Amino acid sequence: MRPAAVVGTGQTHHAAKRLDVSMAGLCREAIDRAMADAGVDWPDIDAVVLGKAPDQFEGVMMPELFLADALGAVGKPLLRVHTAGSVGGSTGNVAASLVQSGVHNRVLAVAFEKQSESNAMWALSVPTPFTMPVHAGAGGYFAPHVRAYIRRAGAPEHVGTMVAAKDRRNGALNPYAHLKQPDITVESVRASTMLWDPIRYDETCPSSDGACAVVISAEPTSGPAAWIRATALRTEPTTFAGRDQVNPQAGRDAARALWKQAGITDPLSEVDAAEIYVPFSWFEPMWLENLGFTDVGQGWKLTEAGETEIGGRLPVNPSGGVLSSNPIGASGLLRFAEAAMQVMGTAGDHQVDGARVALGHAYGGGSQFFAMWVVGSEKP
Amino acid sequence: MTKPLSAPLDVGFDYTRSLGPTLGRFLTDLRRRKVTGIRGSDGRVHVPPLEYDPVTAERLTEFVDVASTGVVRGWSWIPEPLEGQPLDRPFAWALIQLDGADTSLLHAVDAGSPDRMSTGARVRVRWRADRVGAITDIECFELSDEPADEPVPADEVTMVTTPVHLHYTHSASPTEDPFLRGLMEGRLIAQRCPACSKVYFPPRPACPTDGVPTTEQIELSDRGTVTTFCVVNVPFLGQRIPPPYVSAYVLLDGADIPFLHLLLGVAPEDVRMGMRVEAVWKPREEWGPTMQNIDHFRPSGEPDAPFDSYSQHL
Ligand SMILES: [Zn+2]
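Residue positions are given per chain, counted from 1 along the sequence in the order it is written. As a convention, the first chain written is A and the first ligand written is 1, with the rest following in written order. Two thresholds apply to this predicted model, a pLDDT of at least 70 for residue-level local features and 80 or more for giving and counting side-chain atom pairs, whereas whole-chain, interface and lining totals are computed over all residues. Computation of side-chain values covers all heavy atoms of the structure but excludes hydrogens and water.

For chain B, an unreviewed UniProt entry supplies the name DNA-binding protein and the organism Lentzea flava.

Going by the annotation in an unreviewed UniProt entry, the name recorded for chain A is Acetyl-CoA acetyltransferase, with Lentzea flava given as the source organism.

Here you go:
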């Protein structure tokens, strides 16, 4: 496998409703920024990979076909990736593999979601005959598993509120974030409405329109590069007898493979920044354990000690993460791009000083799809 | 084998599309009884206008007025129109190259009979009276060489509503079928995997772990344990019960996988992981092939199950 690097990143200004642009225009806002960042033009791009979550979110079957002109894909290979909410991460991994394998020299990865075109909660709960209707809505699927985590880990209640306050404060440092709440506090999160007990309103992600793009290249271009040191994808069924919904095996397996491939033996010491898919606050400590940053049952202690703040031992979601912007299909690629930006030194006000190794992580469906990469400033 | 149960499944949503500058201009002009194309980098005029050039991928900005008359470049006769199509009587789908355009637009021609259709036929736009800024503002094309109605003023269009409706017949799988027929008799039918011996309720066509068909049927009681739960405080589309209420994972005695159901008859703050519960069935005359025959679960009054008895089901 030959080395490959992220040489450019771009994203849209994320918002609840980007009514000023079409789906094509939304994608291009991110693409144009990524290509300018990379210093490349269309003839430099060999193939395009598009990621997007379920088609019923926008009601367009196979949107990659009608978007081909906007994606600059005419006359080039165009692939669509779909792994539910993790799709943005999977898109980055697929694009990376096309370069690492030597199939293409330079690949454009794009992911988007335009949630304002419909209603994701409706789209995910179409009532199928003979099956139980959903009684709990969107967060209701994950809330019982969060409760199970709190019980198993013996975690104090305020850890979730700490994550929410941190990520929203970080979001205020990110010019592209949907939610910017510099004055949010643990107390104000705690005072927000309890939606799906134990998940409060301020502990849930927003619904956003947005897109993200990265240019992945076998050779550096004019600017900085984030070298892809490892990628991993793993999957498991949504439900099976004995499934661990709090600490899914697919996530553990993906992380183990990722660290091994990256040559990392102690992730907590060797990783400088992590962009982890946290749509509900408690998933920060849950995924810290699943990823092997801490032992099982210990993730919340890292959060509680403030070590996941910018300036802490492992800054998690310095960009504000999914809790600050959630264009579903793009959210995973945003994690991957933000990790790349950290090691490229282009993260601006939410830059982690001296970050040289960073993790990008995404999960999707009922915690059944996992996608991750490790990027570094040094060529492997 | 009897035919598995089946039922209609209708899925529909009115999608709200934001158009952006190019498509917004096109649909605004249609509302004004005017057809607008866009010039590509190779000089071709694309109708409908493309947002980005198919050759260079650059954003296109040079709008070009084209005529509302044109020529049929290809067509297909539709003897029995379907729901959502432009006309409710037989018509032709046609590729129409408007005068001044270099590409063809797909639309309906109200020709009356396939005998009157031909490639090369001259057509003109028939404008809809109540135009909203949509491709259906062109009601259809008609066979004529005369110019269509003149443009009129109209407000700018930035959004379009696109209703999408799909009609399916959903069939239960051969494994689901005995489970559903059991429910109609108030019985809870599970199946055991021959490889790992795990008991699945509801049953699956195959064990997700071993990939082998589950064949052994087992009848379970309607008592179980709450493994975990959430308290729903938020109202949402299609909700059946006013919040707050408890949505709980129930592990039936003898089953190896929990399922989500309602837990009522207890204050949400008194619900615990490990709480023992029993089914409350709807009146028998309301039973159908659905888990909704169980209206909800309620506490059975038994002592809580120890954590170890359900911890591997979280
Ligand atoms: Zn099995």
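Colleague: Which residues make up the environment of Val357 of chain A, and what are the values?
Modeller: All names here are of chain A. Helix numbering and strand numbering both begin at the N terminus, where a helix is a DSSP run of H or I of at least 4 residues and a strand a DSSP run of E of at least 2. With respect to the helices and strands, the residue Val357 is situated in strand S10 (residues 357–364). Spatially, the C-alpha atom of Val357 lies 19 Å from that of Gly320, the residues being 37 residues apart in sequence. If we ignore the near neighbours within four places in the chain, the residues touching Val357 are Arg229, Ile264, Glu270, Val271, Asp272, Ala273, Val343, Val374, Val375 and Gly376. Here, residues are in contact when the closest pair of their heavy atoms is within 4.5 Å.

Colleague: Which residues make up the coordination of the zinc ion, and what values go with them?
Modeller: All names here are of chain B. Binding of the zinc ion to the protein goes through Cys193 (SG), Cys196 (SG), Cys207 (SG) and Asp210 (OD), at separations of 1.8 to 2.3 Å. In this structure, the zinc ion is surrounded by four donor atoms whose angles at the metal cover 101 to 116°, and the resulting shape is tetrahedral. Listed donor atoms are N, O and S within 2.8 Å of the metal (Na, K and Ca: 3.2 Å). As water is not included, a site may look incomplete. As a motif over one chain, the donors of the zinc ion read C-x2-C-x10-C-x2-D. Highlighted residues: Cys196 in the loop between strand S11 (188–192) and strand S12 (199–200) and Cys207 in the loop between S12 and strand S13 (216–220), separated in sequence by eleven residues. Any residue under 20% of the maximum accessible area for its type is buried, any over 50% is exposed, and the rest in between are partly exposed; the area is computed with a 1.4 Å probe on protein chains only. A relative accessible area of 28% means that Cys196 is categorised as partly exposed. Tetrahedral means four donors with every angle between 85 and 135 degrees, whereas square planar (four donors) and octahedral (six donors) require angles over 155 degrees between opposite donors and between 65 and 115 for all others; sites fitting neither are termed irregular.

Colleague: Kindly report on the packing of helix H3 (residues 87–100) of chain A against helix H14 (residues 328–344) of chain A, identifying the contributing residues and their values.
Modeller: Residues and elements named next belong to chain A. Interaxial angle, 0 to 180 degrees, is taken between N-to-C directions of lines fitted to C-alpha atoms, where a helix line uses only the stretch in contact. Interaxial distance between H3 and H14 falls to 5 Å at its minimum, and their mutual angle equals 55°. Our classification of the angle between H3 and H14 gives oblique. Across the interface between the two elements, Val87, Gly88, Gly89, Gly92 and Asn93 of H3 pack against Gly329, Gly332, Leu333 and Phe336 of H14. Throughout, the ten residues Ala, Val, Leu, Ile, Met, Phe, Trp, Tyr, Cys and Pro are labelled nonpolar, Asp, Glu, Lys and Arg are labelled charged, and all others, Gly among them, are labelled polar. Residue composition of the contact of H3 with H14, grouped by class: three nonpolar, six polar and no charged. Should an angle fall under 35 degrees it is taken as roughly parallel, and over 145 as roughly antiparallel, whereas 65 to 115 is taken as roughly perpendicular and any remaining angle as oblique.

Colleague: Kindly report on the pairing of strand S1 (residues 5–11) of chain A, identifying the contributing residues and their values.
Modeller: Residues and elements named next belong to chain A. Here S1 lies mainly inside the structure; seven of its seven residues are buried. In short, DSSP must find at least two bridges between two strands for them to pair. Bridge count for S1 against strand S8 (residues 226–235) is two bridges, and the pairing is antiparallel. Across the sheet, Ala5 pairs through a bridge with Trp227, a residue of S8.

Colleague: Now, about the packing of aromatic side chains: what can you tell me, with residues and values included?
Modeller: Two numbers describe a pair of aromatic rings. These are the distance of the centres and the angle of the planes. The criterion for an aromatic pair is that two Phe, Tyr or Trp rings (for Trp, the six-membered ring) have centres within 6.5 Å, with stacked assigned to planes under 30 degrees apart, edge-to-face to planes over 60 apart and tilted to the rest. Scanning the entire structure with this criterion turns up 22 aromatic pairs over all chains. Each ring, one from Tyr363 of chain A and one from Phe370 of chain A, has its centre 6.3 Å from the other, and the planes form 25°; the classification is stacked. Owing to a relative accessible area of 2%, Tyr363 of chain A belongs among the buried residues under this scheme. Relative to Trp93 of chain B, the ring of Phe91 of chain B has its centre 5.2 Å away and its plane inclined at 80°; by these criteria the two rings are edge-to-face.

Colleague: Can you tell me about the UniProt feature "domain: Thiolase C-terminal" (unreviewed entry) in chain A, naming the residues and giving the values?
Modeller: UniProt positions are given in the numbering used here, feature names are shortened, and annotations may be inferred rather than shown by experiment. The sites that UniProt annotates as "domain: Thiolase C-terminal" (unreviewed entry) are residues 244–368 of chain A. Between the C-alpha atoms that bound residues 244–368 of chain A the distance is 11 Å, and the span itself is 42% helix and 9% strand.

Colleague: Residues and numbers for the domain arrangement of chain B, please.
Modeller: In this document the domain limits rely on a domain assignment from an automatic tool or a database. Per the domain assignment, the segments making up chain B are domain 1 (19–165), domain 2 (172–220) and domain 3 (221–314). A straight line from the C-alpha centre of domain 1 of chain B to that of domain 2 of chain B covers 54 Å.

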